[in-house]
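What follows is each chain in one-letter form.
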Amino acid sequence: MGQHLHESLRDNVRLLGDSLGHTIAEDLGKEFVDKIETIRALAKRGRQEGGESHSELIEYLRTLPDEELLPVTRAFNQFLNFTNIAEQHYRARFRRVEDYKPGSQPALDELFNRIQQAGHAPRQLVETLAGMRVELVLTAHPTEVIRRTLIQKYDAIDDCLTVVEGSLDYPERAARAQGRLKELISQAWHTDEIRHERPTPVDEAKWGFAVIENSLWQAVPDFHRDLDNLLLEAAGERLPLDASPLRFASWMGGDRDGNPNVTAKVTREVLLLGRWMAADLYLRDLDQLKIELSMWKANSALRSEVGDEAEPYRALIKRLITRVEATRDWAQACLDGVNYDGGPIIETRDQLYTPLLACYRSLCDVGLNGIANGVLLDTLRRVAVFGVTLAKLDIRQESSRHSQVFDELSDYLGLGRYREWDEQQRQDFLLTELESHRPLIPRRWECSTETREVLDTFRTIAQEHREALGTYVISMAGQPSDVLAVALLMKEVGGDVRLPIAPLFETLSDLDGAGEAIDQLLSLPGYRRLVNDRQEVMIGYSDSAKDAGQLAAAWAQYRAQEALVEVCERQGVKLTLFHGRGGAVGRGGGPAHAAILSQPPGSVNGSLRVTEQGEMIRFKFGQSDIALRSMEIYTCAVLEATLLPPPMPKPAWREEMDRLADIAHRAYVGVVRENPDFVPYFRAVTPEGALGRLPLGSRPAKRRQEGGVESLRAIPWIFAWTQIRFMLPAWLGSGEAFATRLKEEGGLEHLREMRKHWPFFGTYLDMLEMLLGKADVGIAAYYEHRLVVEPSLQALGQELRERMQHLQELLLEILDQDELLADTPLIRQAIDVRNPYIDPLHSLQAELLQRNRDADGAISPELSRALMVTMAGISAGLRNTG
């Protein structure tokens, strides 16, 4: 496994692998396990020797009878998942969350020292943390391939590893833990890896709530305890009780962009589920407090609240329990569609927070600070972070759906057709109606089903308390009218609720025009009165990279943020940037700390929203120890970006990036948009066609069922390329840009200077290096060999592979390295360890894709399932696939 890996990680990989081998032998016999070991050995030798050794692997796999293909794919899939478990366990134990360079992820205490050495007073440190507003938005994008039932088993396996490691001096305890481990591994082996049906949006929301219940519920107070201890040491005071530097929001059940399965009814159900789960979790806390707060000493304020009670804290907690129980009963009644006839419920955070605060202040007043700062403080911290809904629910809808509403309405009212108006006409109409005191939408208006659904969404917003909802995000936004349309619908149908409205700029042209669009919007007095001098803007990473290529998109995102910061500062408006990042590099993925510090100076000013998508939620927040470290990383990064911001780029660097981005964009478009062979090549060489049958998420893989690359959502577009280890969207175009510059005098020195002194460019190169380290032109060539028949498509494939290899050579020259990932041994080792398990899955997938196409999609259910398992296994092995 490699001498550089920590001994405990190596031991745990071996323990899990051996246990799985025994389980498979019990099920299918030792001969079958011997075949698995032969395949693994051939794959390992193929990596070391290449050529004929790799051919031996392929030939051996082809000799397998059809009935063995599924169990073989299942075995390698599980080996990869168990390797991930061992690595996650290692990371949690040694606080290694992100795959990045040693020393690049500072701990909070180290950062506090640097901040004070830079001249910031301790009080400023406390004030910055207290005012920090970082929101991590959990989304259910279809990249999480592992079923929830298996995730639960994997978490239990991780717990067993902890017990085994802590039982070295207790043989009986170790034996029990290993027995339980064997049982769980057997359960995992005998459980279907692939869902038979797509999860519903409600299923996805339940999965998100499970992450909060199983991990974040404990990690949040632990994080605040650690933060308090550090602040007491550095500044002599705790974080204010109601402060919550990090909070959580969700898109699960609110993101209707391109997902017809998310309806107003679904959104309402998810909101109720959040209320039920929050009440249930708080009841567990309150029951514990009722047991522990048995003391009798209390201040006069608490005495006046509860009267002459012998145990005043318990008396107040019991009252609170009654209301929280009523809240849970109310939510259940609403979910069941029956009338609720119980007592008063908890509707706001303050109704839960205020009685607990009274208990806290009383304990402090009578000298029982140690008790006050125990489990009671933990509960107060949870209320500050989670409120009464666990996570605020964002609503997202595409701009064209709002335009459709007003197009139908303007036609019905005899005003013309909204969609035929120019931007100024639209703005004039919307602003006039925003100022009007009469209703705009007739009561008995017979509109289309699509428009009715949009209106029903706003009615759902009107029925909710403001605390339950986050931001209204408008995808494919480009003009001020896109935002004004939502503001008007909120006024007409949304009742008294006024949510922040965030336009999402995601294509290259929209990013380039973002600053001007927001400047126009904020210059409208009617709009400024609505937003109270606050504006949220979402930056799209996925679609901009698909539209323009990664290098051009990254620079457009940077410039858009600079423009937005300048506009909002000039207009006197508080800006919050919302980063729509994914797990893969092609979708803005990468280590959070580096990503945040590579943003333009002033763009992270104590506030930030960022999506956590798909499988990355599990990798960063699925276990409380890792969630704790992830929260620390986000806090470190935002604190550092706020108080120790990165340098402004030199004008020469900006000119360099303008030129590099232009060359890269033209090269990318020349292939993806202009080469007529590209789309046929993509469809032939990747499993894109079969991917739609993999029941990953509730949202369709395509925005439209017809059309080329533009019809694909960004996630399956990235996912398909990752499956064949080509990762094309994240690197295509960069090689041409670097090659042009390196041919010129001083080009290499200039690029190295930018890498060393400009976090934006340095991080881009680091992400490109990590991506190329996971890519494999040999595997991509094998898929092409098996699946691409037409000579013109083969020629394109050869050209693309040569481009990628040339880029790798150029990147190593810029980095001044002999090999990729030389400074990140953990990533290199992780890839090397997994390759002997991933390589057979690639070979089997290509074979199964060929058989599926030969059979016109009519291969046997067993082989179809085997194909799905190869996708799941490759995804598990490469981790950040979407």
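Each remark here, short or long, concerns the structure printed above.
Here's a quick rundown of the structure.

Definitions and limits used
- Residues numbered from 1 in each chain as written.
- Predicted model: local features only at pLDDT ≥ 70, side-chain atom pairs only at ≥ 80, totals over all residues.
- Heavy atoms only, no water.
- Buried < 20%, exposed > 50% of the residue type's maximum accessible area, 1.4 Å probe, protein only.
- Helix = DSSP H or I, 4+ residues; strand = E, 2+ residues; numbered from the N terminus.
- Pairing = 2+ DSSP bridges.
- Core = buried A, V, L, I, M, F, W, Y, C linked by side-chain atoms within 4.5 Å.
- Contact = heavy atoms within 4.5 Å.
- Disulfide = S-S within 2.5 Å.

**Quick notes on the pairing of strand β3 (residues 392-398)**
Among the seven residues of β3, five are classified as buried, and the element is accordingly described as predominantly covered. Bridge count between strand β2 (residues 246-250) and β3: two bridges; the pairing is parallel. Bridging from a neighbouring strand, alanine 249 pairs with lysine 392 of β3. Across five bridges, the pairing between β3 and strand β4 (residues 469-475) is parallel. Bridge assignment links leucine 393 to a residue of β4, and that residue is leucine 469.

**Overview of the nonpolar core**
Core analysis: the largest hydrophobic core is formed by 283 residues, its most contacted members being Phe386, Phe406, Trp721, Phe726, Trp731, Phe738 and Phe761. At 14 residues, helix α9 (residues 201-235) tops the list of elements feeding residues into this core. Not counting residues up to four positions away in its chain, the partners in contact with phenylalanine 386 are Ile212, Leu216, Trp217, Val220, Phe248, Tyr282 and Ala391. Membership of the second largest hydrophobic core comes to seven residues, among which are Val137, Ala249, Val473 and Met538.

**So, unusual backbone geometry**
What you tend to see is this: most non-glycine residues have negative phi, and most peptide bonds are trans. With a phi angle near 60°, aspartate 816 is a residue other than glycine that sits in the positive phi range. Along the chain, aspartate 816 turns up in the loop between α35 (791-815) and α36 (825-854). Looking at aspartate 816, the relative accessible area reads 60%, which means it is exposed. Positive phi, normally seen in glycine, also occurs at leucine 821, with a value near 60°. You can see leucine 821 is positioned in the loop between α35 and α36. For leucine 821, a relative accessible area of 3% puts it in the buried group.

**Focus: the state of the cysteines**
Here the structure, examined in full by the defined rule, presents zero disulfides. The cysteine cysteine 364 is free of any disulfide, with cysteine 359 supplying the nearest cysteine sulfur at 11 Å. Judged by its relative accessible area of 23%, cysteine 364 falls in the partly exposed class.

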